[in-house]
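Report on the structure
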Amino acid sequence: MAQTVQQPFLSVIIPMYNEEANVASTITRVEDVLKRWGRPFEIIPVNDGSTDHTLQVLDALAAHNERIHVVSYWKNGGRGKALRYGFKAARGEYIATIDADLSYDPQYILDMAKVLDEESDIDVVLASAYMEGGASVGVPTDRLFISKLGNRILQMAMPEKIHTVTCVVRCYRRVVIESLDLESNGKEIHLEILSKVLAMGFRIKEIPATLTARKKGTSKFAFRATAVSHLIFTFFERPSLLFGILGLILTLIGLGLGGYILVLYAQAALNPNRPLITLMILFILGGMQILAFGFLASQISYLRNEVLRVRRAITLVLLASEAKSEQRTSALGNAPRPEA
């Protein structure tokens, strides 16, 4: 007789691309941890167009385990695409994400879920190796330096201080995922999620975690593509960083030229054939225009955040309406039938 699987309370999404060496051990370790929780759960491995035998191994595991729901597509699209597909398939009230190589222990899934259980005002929990109490073990020094530096830069784009912006190990309330309209295909999806979550007014909490080196398979980290996407995100999120700094530099250069011209004039050494005055005007006007662009971009960013807050409010209303509808349906189904 087939086992009846309950509606999952927790969905765990695991993006996978060419992770044949890790698939079986990863699924087993995650399942063993979740079984200790005592609540129904589902594991959603997302095959991101793997070219090895990742999908075949996943299908074999899912054939004998009703808790495993494989999501797959044929062409590699990036971690963002894998997470978006996983979010669409998730049915749990809590939705967690974790790396396929388990560089963070799966126990952190339960630690994050516990925070959501105990703190009703928290909507998203992040595992952080870079906050106080966090650590890294066996990670190559150059890789760790790049990651820490990148997170420091990205912190400038966030309205709240978040120590680890790029980590995939997170746990969300379902309402958060329902409220998001995600577009990213690459690893910048982690930044997009945090940006929109904060703009919508959801609350985030970090918990300390230990990052360990990958033991099997090969890393999918691409420094150039990741660095470019993260810099673009930073400037998009905080346009004042780009326009403000550039505009200020040009304006200061123009004012410096103006001071130099005054000195030359006072010394009767000003040569009218030199284009100093023209350069001064160009630098000052150019700097002021770029500063104005920065102001306009900041206003556009502000309006975007307002739209996101409205979207959150609409989502909450829709979810409340669906819940009431389900309650009515349940009440009607349980009502006693009139006797014939």
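All of these numbers come straight from a predicted model, not from anything done at the bench.

1. Focus on the packing of helix 3 (residues 79–89) against helix 7 (residues 189–199)
Running from N to C, helix 3 and helix 7 point in directions that differ by 55°, and their axes come no closer than 9 Å. Comparing the axis directions of helix 3 and helix 7 gives the class oblique. Of the residues in helix 7, those touching helix 3 at R79, G80, L83, R84 and F87 are I189, H190 and I193. Residues of the contact of helix 3 with helix 7, tallied by class, amount to four nonpolar, two polar and two charged.

2. Describing the packing of aromatic side chains
Summed over all chains, the structure comprises five aromatic pairs. Between F87 and Y172 the ring centres are 5.9 Å apart and the planes differ by 90°, which places this aromatic pair in the edge-to-face class. Taken as a pair, F87 in helix 3 and Y172 in strand 7 (residues 170–173) lie far apart in primary sequence, 85 residues in all. Taking 6.5 Å as the distance between ring centres and 70° as the angle between the ring planes, the aromatic pair formed by Y104 and Y108 counts as edge-to-face. Just as Y104 is buried, Y108 falls in that class too. What links up through ring pairs into an aromatic cluster is the set F9, W37 and Y94. Positioned above the aromatic ring of Y73 is the side chain of K81, whose terminal nitrogen or guanidinium carbon lies 4.5 Å from the ring centre.

3. A word on the pattern of salt bridges
Pairs can form between side chains of opposite charge once their charged atoms are near each other. Counted according to the given criterion, the structure contains 10 salt bridges. A salt bridge links E178 to R174; the shortest N-O distance between them is 3.2 Å. In this pair, E178 and R174 are both assigned in helix 6 (residues 174–179), four residues apart and thus about one turn of the helix distant. Its relative accessible area of 34% is what places E178 among the partly exposed residues. Assessed through its relative accessible area of 21%, R174 is described here as partly exposed.

4. Observations regarding the pairing of strand 7
Going residue by residue along strand 7, you find R170 and Y172 tucked away on one face and C171 and R173 tucked away on the opposite face as well. By the bridge criterion, four bridges tie strand 4 (residues 94–97) to strand 7 in an arrangement that is antiparallel. Bridge pairing links I95 to Y172 in strand 7. As judged from the three bridges shared by strand 5 (residues 124–128) and strand 7, these two strands associate in the antiparallel manner.

5. What to know about a nonpolar patch on the surface
Taken together, the side chains of Y265, L270, I277, I281, L285 and M288 make up a nonpolar region of the molecular surface, amounting to roughly 600 Å² of accessible area. With four residues, helix 10 (residues 276–334) is the largest single contributor of residues to the nonpolar patch. Examined against the element boundaries, Y265 turns out to sit in helix 9 (residues 239–266).

6. Thoughts on the nonpolar core
Counting 76 residues, the largest nonpolar core has L10, V12, I14, L34, F87 and Y104 as the members making the most contacts within it. In contact with I14, other than residues within four places in its own chain, are T26, I27, V30, I43, I44, P45, V46, I98, D99 and A100. By size, the runner-up hydrophobic cluster in this structure holds five residues, among which are L257, L264, L276 and M280.

7. Observations concerning the sheet that holds strand 7
Working definition: the strands of a sheet are paired by backbone hydrogen bonds and lie parallel or antiparallel to each other. One open sheet accounts for seven strands, arranged 3-2-1-4-7-5-8; its pairing is mixed. Every interior strand has two partners, whereas the edge strands, strand 3 (71–73) and strand 8 (204–208), have only one. Neighbour-to-neighbour, the strand axes of the sheet open up by a mean angle of 20°, direction not taken into account. Helix 1 (residues 23–35) contacts strand 1 (10–16) and strand 2 (41–48) of the sheet and is inclined by roughly 165° relative to strand 1.

8. What to know about unusual backbone geometry
Of note in this structure, L102 is not a glycine but carries a positive phi near 50°. Counting through the fold element by element, L102 comes out in the loop between strand 4 and helix 4 (107–118). A residue is classified by how much of its surface remains accessible, and L102, at 6% relative accessible area, is buried. In this model, A268 sits at a positive phi of 55°, which is unusual for a non-glycine residue. Position of A268 among the secondary structure elements: in the loop between helix 9 and helix 10. Take A268: its relative accessible area is 74%, and that puts it in the exposed class.

About the cut-offs
Here, residues in each chain are numbered from 1, in the same order as that chain's written sequence. Two thresholds apply to this predicted model, a pLDDT of at least 70 for residue-level local features and 80 or more for giving and counting side-chain atom pairs, whereas whole-chain, interface and lining totals are computed over all residues. By convention in this description, side-chain values take in all heavy atoms of the structure and omit both hydrogens and water. Inter-axis angles, ranging from 0 to 180 degrees, are taken between N-to-C directions of lines fitted to C-alpha atoms, where helices are fitted over the stretch in contact. The numbering of helices and of strands both runs from the N terminus, where a helix is a DSSP run of H or I of at least 4 residues and a strand a run of E of at least 2. For classification purposes, an angle smaller than 35 degrees is called roughly parallel, one larger than 145 roughly antiparallel, one from 65 to 115 roughly perpendicular, and anything else oblique. By definition in these notes, contact holds between two residues if any of their heavy atoms fall within 4.5 Å. When residue character is reported, Ala, Val, Leu, Ile, Met, Phe, Trp, Tyr, Cys and Pro are called nonpolar, Asp, Glu, Lys and Arg charged, and the others, Gly included, polar. Any two rings among Phe, Tyr and Trp, with Trp reduced to its six-membered ring, count as a pair given centres within 6.5 Å; such a pair is stacked if its planes are under 30 degrees apart, edge-to-face if over 60, and tilted if neither. For each residue, the accessible area found with a 1.4 Å probe, counting protein chains only, is set against the maximum for its type, and the residue is called buried under 20%, exposed over 50%, and partly exposed in between. Either the NZ atom of lysine or the CZ atom of arginine qualifies as a charge over a ring when it sits within 6 Å of the ring centre and within 35 degrees of the ring normal. When a carboxyl oxygen of Asp or Glu lies within 4 Å of a side-chain nitrogen of Lys or Arg, that pair is called a salt bridge. At least two bridges found by DSSP between two strands are what make those strands a pair. Surface patches are drawn from residues lacking salt bridges whose relative accessible area is over 30%; two like charges belong together within 9 Å, two nonpolar side chains (Val, Leu, Ile, Met, Phe, Trp, Tyr) within 5 Å. Computed with the Shrake-Rupley method and a 1.4 Å probe, the accessible areas treat only the protein chains shown as cover for residues. Side-chain atoms within 4.5 Å link the members of a nonpolar core, which is a set of buried Ala, Val, Leu, Ile, Met, Phe, Trp, Tyr and Cys residues.

Keep in mind these values describe shape, not function.
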